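Okay, here's what each chain looks like letter by letter:
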Amino acid sequence: MKYICPHCGEKAFSPLQKALAGSYRSMGKPCPNCGKRCCNGMASIYFDSIVSVIAFVLIMIIYFQFDASQKTQSSILIVIIIAVSFVLSFLFRMFFGKLVEPIRRMQ
Ligand SMILES: [Zn+2]
């Protein structure tokens, strides 16, 4: 399974390379075929914002539900939530959305 480069139209990106290409606001990664930079489109930005809102709400719930004696458990849960949201964003970029040209271009 490969993803099409928006510049040359070749199926040049593997899911892992696509995930590592970053978001629309990043510099992107060069295409293995034509060398022009590509990044993930708007879909990954929408998904990232949904995930970060959910993570924020969960962290707030944990923050207010746990008292001082449960500080270790609540810290561990918060770290898990942040890790899970990072993994979800990464998996989304691997398997969903299209590659596009980055806004920021190399000079
Ligand atoms: Zn290309």
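None of the values given here were measured: they were computed from a predicted structure.

> Outline the nonpolar core, supporting the account with residue identities and numerical values.
For soluble globular proteins, nonpolar side chains are generally found buried alongside one another. Judged by nonpolar contacts, Tyr3, Cys5, Ala12, Phe13, Ala21, Cys31, Cys38, Cys39 and Leu99 together constitute the single largest core of 9 residues. Those elements that provide at least two residues to this core are strand S2 (11-13) and strand S4 (37-40).

> Which residues make up the environment of Gly35, and what values go with them?
With respect to the secondary-structure elements, Gly35 resides in the loop between strand S3 (29-30) and S4. Residues Gly35 and Gln17 lie 18 residues apart in sequence; the distance between their C-alpha atoms is 13 Å.

> Hey, could you go over the packing of helix H2 (residues 42-65) against helix H3 (residues 71-95) for me, with residue numbers and the actual values?
Axes are the key here: two packed helices are described by the angle between their axes and the distance separating the axes. Between H2 and H3, the least distance of the axes is 10 Å, while the angle of their chain directions is 170 degrees. Relative to H3, the element H2 lies roughly antiparallel. Residues Ser44, Phe47, Asp48, Val51, Ser52, Ala55, Leu58, Ile59 and Ile62 of H2 form the contact with H3, whose participating residues are Ser74, Leu77, Ile78, Ile81, Ile82, Ser85, Leu88, Ser89, Phe92 and Arg93. Among the residues forming the contact of H2 with H3, the class breakdown is 12 nonpolar, 5 polar and 2 charged.

> Which residues make up the environment of Cys31, and what values do they have?
Mapped onto the elements, Cys31 comes out in the loop between S3 and S4. Accessibility expressed as a C-beta count within 10 Å gives 21 for Cys31, which makes it buried. Residues Cys31 and Leu16, 15 residues apart in the sequence, show an inter-C-alpha distance of 13 Å. In contact with Cys31, not counting residues within four places along its chain, are Cys5, His7, Cys8, Ala12, Lys36 and Cys38.

Definitions and limits used
- Residues numbered from 1 in each chain as written.
- Predicted model: local features only at pLDDT ≥ 70, side-chain atom pairs only at ≥ 80, totals over all residues.
- Core = buried A, V, L, I, M, F, W, Y, C linked by C-beta atoms within 7 Å.
- Buried ≥ 20, exposed ≤ 12 C-beta atoms within 10 Å, placed from the backbone.
- Helix = DSSP H or I, 4+ residues; strand = E, 2+ residues; numbered from the N terminus.
- Axes fitted to C-alpha atoms, helices over the stretch in contact; angles between N-to-C directions.
- Parallel < 35°, antiparallel > 145°, perpendicular 65-115°, else oblique.
- Contact = placed C-beta atoms within 7 Å.
- Nonpolar A, V, L, I, M, F, W, Y, C, P; charged D, E, K, R; others polar.

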